[in-house]
Amino acid sequence: MTTNDQGAHTMELALETGALGKRYGRAWALRDCSLHLPAGRVAALVGPNGAGKTTLLHLAVGLLRPDAGQVRVFGRDPRDDTSVLAEIGFVAQDTPLYRDFTAVDLIRMGGKLNRRWDAPLARDRLASLGIPPDRPVGRLSGGQRAQVALALALAKRPRLLLLDEPIASLDPLARREFMQALMGAVAESGTTVLLSSHLLADLERACDYLIVLQTARVQLVGAVDDLLAQHRTLVGPRSTDTGTPRGVVSVVRARHTDRQSTLLVRRDDDAVIDPAWIEHDVTLEDLVLAYLAEADTRATRTAWEVTA
Amino acid sequence: MIWLTWRQHRKQALFTLIALAVVAAVMVPTGLAMHHRYERSGLAACLADLGDAQMIRQSEAAVHCQALSHQFQQQYSDLAFVAILFVILPVFVGLFFGAPLVAREVEQGTHRLVWTQSVSRRRWALTKFGLVGGVTVVLAVLYAVGVSWWFGPLVTASSGRMGYLSFDVQGVAPVGYTLFAVALGVFAGTLWRKVLPAMGAALVGFAAVRLTVETLARPRYMSPKTLTFSPQSVLRPNPATGDWVYGQGVRDAAGHLVASGAQIGPCAPPGCGGVAAGSYNWQLYQPGSRFWEFQAIETGIFLALTVLLVALAIRRLRDIA
């Protein structure tokens with residue numbers, strides 16, 4: 001048992017899912033999803049398009065009803081419970097807003113629809129970003145609209161902030177500004193954040209927790225530091241032997257050239273790795289790509305009905 | 001929620017007011033002119049003189065009154081077409097008030113904004129449906145009262161308010177139609193989730209239900225009455241009762257229909273030449289006095305459908321994400 005797992009028992013959980021599943025027709029958009037997100041973390045939810053990220057977020061905010069398992073936010077079911085909704089700030093994909101409303105209208109709307117509402121916070125944020133208060137938000141730039149949506153989510157003073165691909169449609173400058181604004185805001189408040197992206201690079205610097213989704217399943221979940229410590233890249237002479245090297249729990253991904261083999265492995269904490277292999281630290285990007293590629297291969301094999 | 005509903009729909013409210021003003025600008029002057037003409041020509045007085053007896057003596061006055069009626073109808077026959085516009089007005093309310101209510105939110109993704117604040121989906125739905133429904137009722141009552149007034153003289157001068165076009169735009173039935181149209185629009189919006197397909201579906205659905213009820217159900221609300229009278233009789237059916245006549249004809253002594261759509265007489269005492277003895281005039285009809293019973297049944301049907309559709313729409317909302 002790792003230190004992280006022990007911590008999870010004493011630490012408050014912002015989000016917890018158990019065998020969670022959601023089906024559209026016969027296809028599972030999310031399946032057997034069990035994960036814990038401790039409070040206070042900034043978590044990246046990473047996976048390619050269609051991996052189930054949006055489905056997971058919608059389940060967490062009570063927009064969707066699970067077809068299997070359960071989801072808990074601060075220990076409670078978010079479905080049809082407005083007291084849980086009050087704890088969650090949610091920014092949906094493409095940051096939907098009433099396009100004919102001005103930013104002032106939207107802030108006023110938030111005040112009408114929430115018991116806890118920090119209108120000055122939203123106003124100050126938008127003022128400091130230079131967003132015009134009296135122009136319909138449909139006429140603002142994509143970056144400005146995203147900032148308005150973020151300000152609305154933050155004005156709820158949420159304990160859990162869920163963001164679904166908030167920066168996917170923004171240009172690089174607006175992306176950086178958005179991430180800066182987000183990180184500045186949550187650093188002050190200690191809010192737990194879960195934000196999804198199909199691009200890890202956008203989130204790598206900001207996040208300390210990682211959830212990798214692929215083909216409707218959780219492939220990897222944990223604190224970034226723990227994950228980096230648990231994995232190694234091993235380089236050694238070519239060996240297509242399917243057995244795992246000594247000191248290794250599992251091989252996540254193996255690549256072979258004519259001369260050498262490169263393995264991304266999960267190491268055994270208490271054992272020394274076979275010195276025939278040269279050990280390297282992994283980067284977060286290597287790790288995510290290895291898990292995604294492996295899951296992809298498995299899915300393709302299943303689709304072609306070929307066993308590994 | 002109330003503020004949000006107002007903020008979202010204030011443009012629609014403005015357009016509705018403009019449309020109402022335009023309709024009123026057409027209806028008030030033509031209605032006044034029609035009422036004026038109705039009184040001045042003596043038609044109102046002579047129709048009142050005919051009373052509400054089922055059968056009346058065929059008199060000079062009665063013939064004169066019928067001539068006045070025809071004249072009046074001829075003069076305003078163009079306006080009768082305006083009544084067709086009134087028949088389709090409720091469906092417009094359904095299309096423009098009902099269909100976008102859920103469909104536009106889902107189409108633009110804003111349901112994910114509004115349903116993730118601290119207000120339950122059910123409360124959101126009940127507030128919105130309630131407010132839009134309330135405004136619809138007010139509009140529909142205004143419409144029904146206005147059209148009943150406007151159309152009154154023409155209807156009384158012609159076949160009466162039980163007839164197809166006139167029944168549909170008077171009394172309380174238009175309130176039922178309008179609420180039904182809105183509920184159908186809302187429900188279609190929860191199925192198609194895009195404004196234009198929802199509008200199209202609501203339009204088709206509304207036309208189908210209205211036509212079905214009108215042609216198949218309405219004639220059967222109450223069993224029709226039969227009226228028979230001898231060709232020799234000087235008493236004829238009173239044109240002022242506003243009866244809804246399903247059919248009329250001449251039957252022979254054995255009861256077989258020998259002439260459809262015709263009536264004979266009154267003939268002088270020796271009898272009508274060429275007509276077998278014992279023949280009589282026959283008419284199958286709903287009495288005009290049953291107008292409010294029919295209105296109540298028709299409105300009840302559409303209100304029940306409205307409640308059903310709203311309940312289904314709220315059920316469907318739970319599965320939208």
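See the structure shown above.
Small disclaimer: the values here were computed from a predicted structure and weren't measured.

Peer 1: Even after reading the chapter, I still don't get the packing of aromatic side chains, so can you show me in this structure?
Peer 2: In this description, a pair of aromatic rings is defined by centroid distance and the angle of the planes. Residues and elements named next belong to chain B. For the structure shown, the criterion picks out 17 aromatic pairs over all chains. Ring centres of Tyr164 and Trp244 lie 5.5 Å apart, and the angle between their planes is 75 degrees; on these two criteria the pair is classed as edge-to-face. You can see Tyr164 sitting in helix H7 (residues 164-167) and its partner Trp244 sitting in strand E4 (residues 244-251), a full 80 residues away along the chain. On the accessibility criterion, Tyr164 (39% relative accessible area) is partly exposed. On the numbers, 6.3 Å between centres and 80 degrees between planes, the contact of Trp244 with Phe294 is edge-to-face. Here Phe294 lies in helix H10 (residues 291-317) and Trp244 lies in strand E4, a separation of 50 residues in the sequence. Taken as a pair, Trp244 and Phe294 share a single burial class, namely buried. An aromatic cluster of at least three residues, connected via ring pairs, comprises Tyr164, Tyr221, Trp244, Tyr246 and Phe294. Lying across the ring of Tyr177, Arg210 places its NZ or CZ 3.8 Å from the centre. Here Arg251 stacks its cationic end above the ring of Trp282, 4.2 Å away from the centre of that ring.

Peer 1: In this structure, what is going on with the sheet that holds strand E11 (residues 248-256) of chain A? I would like to understand it.
Peer 2: Residues and elements named next belong to chain A. Strand order across the open sheet formed by 4 strands is E11-E12-E10-E13, with antiparallel pairing between neighbours. Taken across any chain shown, the strands that pair with only one partner, and hence form the sheet edges, are E11 and strand E13 (278-281). Strand after strand, the sheet turns through a mean of 30 degrees between neighbouring axes, direction not considered. Of the pairings in the sheet, the one linking strand E10 (residues 231-237) to E13 comprises 4 bridges and is antiparallel in character. Across the sheet, Thr233 pairs through a bridge with His280, a residue of E13. Against the sheet, helix H9 (residues 284-303) engages E10, E11 and strand E12 (260-267), with an angle of about 80 degrees to E11.

What counts and what doesn't
By convention here, each chain's residues receive numbers from 1 onward along its written sequence. The lettering of chains begins at A and the numbering of ligands begins at 1, in the order of writing. Per-residue local features are limited, in this predicted model, to residues with pLDDT of at least 70; the limit for side-chain atom pairs, both in listing and counting, is 80 or more; totals at the level of whole chains, interfaces and linings are taken over all residues. Hydrogens are left out, water is left out, and the side-chain values use all remaining heavy atoms of the structure. Note on aromatic pairs: the rings of Phe, Tyr and Trp (six-membered ring only in Trp) are paired at centre separations within 6.5 Å, and the planes decide the class, stacked below 30 degrees, edge-to-face beyond 60, tilted for the rest. Here a helix means four or more residues in a row that DSSP labels H or I, a strand means two or more in a row labelled E, and each is numbered from the N terminus. Note on classification: 1.4 Å probe, protein chains only; a residue is buried when its accessible area is under 20% of the maximum for its type, exposed when over 50%, partly exposed between these limits. Counting as a charge over the ring demands two things of the Lys NZ or Arg CZ atom: a distance within 6 Å of the ring centre and an angle within 35 degrees of the ring normal. When DSSP finds two or more bridges between a pair of strands, those strands are recorded as paired. In this description, a line fitted to the C-alpha atoms serves as the axis of each element, helices being fitted only across the stretch in contact, and the angle between N-to-C directions of two axes falls anywhere from 0 to 180 degrees. Two residues form a contact once any of their heavy atoms are found within 4.5 Å.

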